[in-house]
Amino acid sequence: MRDSPQHERPDTAAPQHPEGAPAAQEDRTDGPVLTRIAYLDGPRLRRGLLAGIDHVARQRAELDRINVFPVPDGDTGTNLTLTLRSIAHAVRGLDTRSVGEVAGVAAEASVLAARGNSGMLFSNFLLGFARGLRQRIRAGTADIAEALSTAAASLHEALENPREGTIITVAREVAADARRRARLGGDLYPWLRDVSVTGRESLKRTREMLPALREAGVVDAGAKGFVAFFDGVLHYIEGGVAPEEADLAPEPSGARPSLYVAREAGVGSDEGRYCTQVGVRRKSMADGSEIRKALAEKGTSTIVLRTGDVAKVHIHTDDPKDVIATISAFGEIVSERIEDTTLAGVGRHVAVVTDSSADLPREWIERHGVSVVPLQVIVGERTYRDGVDLDSAGLLEILTTPGAPLPTTSQPTPGEFEQRLREALDRGAEELLGVFVSSVLSGTYDSGAAAMRRFKGVAGEAVDSRSGSLGVGLLIARAVELLDDGWGLSEVAAELRRIRDRSNVLFTVDTFDYLLRSGRVSRAKAWLGGLLDYKPILTVGDDGRIVPAGKARGRDGV
């Protein structure tokens, strides 16, 4: 039997189901043979879970794109996909006939693996679903409908302040419709098909239920991920043929919500800055409501998952340390993850990495989630990390201090590169884009490209900017724009190289002192230039080297 949800289109002449799909009965009448799905057991639920997970993963970028509530941090698709990926890993090798056991394993796997608001909520839904199925070997439409109702109720109870227009609403309406349509001995396929339609209709209504969604012109991202999961199961039963999804098509180009404008307009502005996720273990673990009560005044969007002796907490807070200290009173901290929700780029599938020569403003870097690897600045016997241990004001002070040694620079260490790249991948990135200072000015490009290649199985593109400072920074800014508009890694890299080959930077210096000290000009030229107030106009040549482009007398002449 195949474990993958990928399979060929079934013969449309006679309704069929893929190998291993939910078991069927045959109704033999005077007409064609009709296949009926009579029940769900362990192997069928396992395959259904894998199909749903696969379908959500394919919509990851779109879910990130429309993520504006509760915090517009563009990571709903990433967090949900990574949570579901852990569930897939747990159930893939299961060999049990019990539908309840498979549901239980999936729910248990989701608890500590849950990431972000969307992952936590989906995990809570699975916990309720598993409780609803208990130890059943098989389940029919009535049993599954009851489990969905338990799951929807669990989801609602998990939040201190549940908001309509989110996955809460869609899950409740799906469960209610599932119960209305359920009947003993009913066929699972048409039942699931009709329930999925209800989910899509409910999803469309979320756009009008929350001001943040209405303003951005999108549906709720978490709810859409929930609906996509059920659609994936349905597509699998139908042999991989996707139903019409015109109603859920992406908004027209140009209607892409701005995560940054939405934040400034107040969307999510009342949420805590740090998305804090903590796992805690203790025998006789406290009830989830006790933990929520202890955290009542410490943040928003609080979700507590509890299974056995483990609890997982999600909260948006301005003081993660205080939250962790509070949770530690309930047991041993076994995991913690703190993410700054103001870093809009954390959910981007392509991590953008550069070096500190790009001279990008710190606020811009933080807002767009760009990873910056610091060059080393060497002053006498001391080594500083550019922009970390030594900022531009400090460097200027050294340069203007009489008798101070002349600062020199060195490329980042391999360890620095690997650390920043690994951090980017841990935040959910799947591919790497590096844009570095000119390779003939520094060994940074070669070191960065080599570090990217060490991450086996991760696609990467290293771009030699053939420039420095502003030239590197502008390429990074353009890369971020293109990635946020949905461009792929190779497309962005090709466009950056095209822009690089058609662009240039011109600059000048106020004094020849540092050109002289670095050996770029002779003492005679420096003396004559200073005497006549000549200002050299410099540029970066086609090969990435700094070359003269002209000269002028005085600033006005420049």
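Structure: see above.
Residues numbered from 1 in each chain as written. Predicted model: local features only at pLDDT ≥ 70, side-chain atom pairs only at ≥ 80, totals over all residues. Heavy atoms only, no water.

Novice: Looking at this structure, I do not really get the side chain of T354. What am I missing?
Specialist: Along the chain, T354 falls in strand β9 (residues 350-355). Relative accessible area serves as the criterion here: at 0%, T354 is assigned to the buried category. Of note is the side chain of T354, whose polar atom sits 2.7 Å from the backbone oxygen of V435. Residues contacting T354, with those up to four places away along its chain left out, are V370, S371, V372, V373, V435, F436, V472 and I476. (Helix = DSSP H or I, 4+ residues; strand = E, 2+ residues; numbered from the N terminus. Buried < 20%, exposed > 50% of the residue type's maximum accessible area, 1.4 Å probe, protein only. Polar contact = N/O pair within 3.5 Å; in protein donor to acceptor, adjacent residues only side chain to side chain. Contact = heavy atoms within 4.5 Å.)

Novice: Sorry if this is basic, but what is going on with the packing of helix α7 (residues 167-181) against helix α8 (residues 188-209) here?
Specialist: Following both chains from N to C, one finds α7 and α8 inclined at 150 degrees, their axes separated by 9 Å at the closest point. Between α7 and α8, the crossing angle belongs to the class labelled roughly antiparallel. Every pair of crossing elements has a handedness; the one defined by α7 and α8 is right-handed. Facing T169, V170, E173, V174, D177, A178 and R181 of α7, the residues of α8 in contact are W191, D194, V195, T198, G199, S202, L203, R205, T206 and M209. Class assignment of the residues belonging to the contact of α7 with α8 gives a composition of 7 nonpolar, 5 polar and 5 charged. (Axes fitted to C-alpha atoms, helices over the stretch in contact; angles between N-to-C directions. Parallel < 35°, antiparallel > 145°, perpendicular 65-115°, else oblique. Left-handed = near helix turned anticlockwise from the far one by under 90°. Nonpolar A, V, L, I, M, F, W, Y, C, P; charged D, E, K, R; others polar.)

Novice: What am I meant to see in the sheet that holds strand β16 (residues 506-508) here?
Specialist: Through backbone hydrogen bonds, the strands of a sheet pair up, either in parallel or in antiparallel fashion. On the basis of which strands lie adjacent, the open sheet formed by 3 strands has the order β16-β17-β18 and antiparallel pairing. The open sheet is flanked by β16 and β18 (546-553), the only strands paired with a single partner. Ignoring strand direction, the axes of neighbouring strands in this sheet form an average angle of 30 degrees. Direction of pairing for strand β17 (residues 534-540) relative to β18: antiparallel, over a ladder of 7 bridges. Across the sheet, residue Y534 finds its bridge partner in β18, namely R553. (Pairing = 2+ DSSP bridges.)

Novice: I keep staring at the nonpolar core and nothing clicks. Help me out?
Specialist: Core analysis: the biggest nonpolar cluster contains 73 residues, and F125, F129, I144, L148, W191, F226 and F229 have the highest contact counts within it. Sort the elements by how many residues they give to this core and helix α10 (residues 221-237) lands first, with 10 residues. Apart from residues no more than four positions distant in its own chain, W191 is found in contact with T141, I144, A145, L148, A178, R181 and A182. Listed in part, the 22 residues of the second largest apolar core include V350, V352, V435 and A479. (Core = buried A, V, L, I, M, F, W, Y, C linked by side-chain atoms within 4.5 Å.)

Novice: I'm lost on unusual backbone geometry in this one. Help?
Specialist: Trans peptide bonds make up most of the peptide bonds, and negative phi angles are found at most residues other than glycine. A positive phi angle is found at R134, which is not glycine, with a value near 50 degrees. For R134, the position within the fold is in the loop between α5 (116-133) and β4 (138-139). Since its relative accessible area comes to 57%, R134 is described here as exposed. One non-glycine residue, S469, lies in the positive phi region at around 50 degrees. One can find S469 in the loop between β15 (459-464) and α18 (470-484). Given the relative accessible area of 31%, S469 is considered partly exposed.

Novice: Honestly, the pattern of salt bridges in this entry has me stumped. Any pointers?
Specialist: Pairing between side chains of opposite charge can happen when the charged atoms of each approach one another. Scanning all chains against the criterion turns up 24 salt bridges. Residue R181 pairs with D177 through a salt bridge whose shortest N-O separation is 2.7 Å. Remark: D177 and R181 occur in helix α7; sequence separation between them is 4 residues, near one turn of the helix. Judged by relative accessible area, which is 4%, D177 ranks as buried. Note that R498 and E495 form a salt bridge whose closest N and O atoms lie 2.9 Å from each other. Of this pair, R498 and E495 both sit in helix α19 (residues 489-501), 3 residues apart, which is roughly one turn of the helix. (Salt bridge = Lys/Arg side-chain N within 4 Å of Asp/Glu carboxyl O.)

Functional significance is not addressed by these values, which are geometric in nature.
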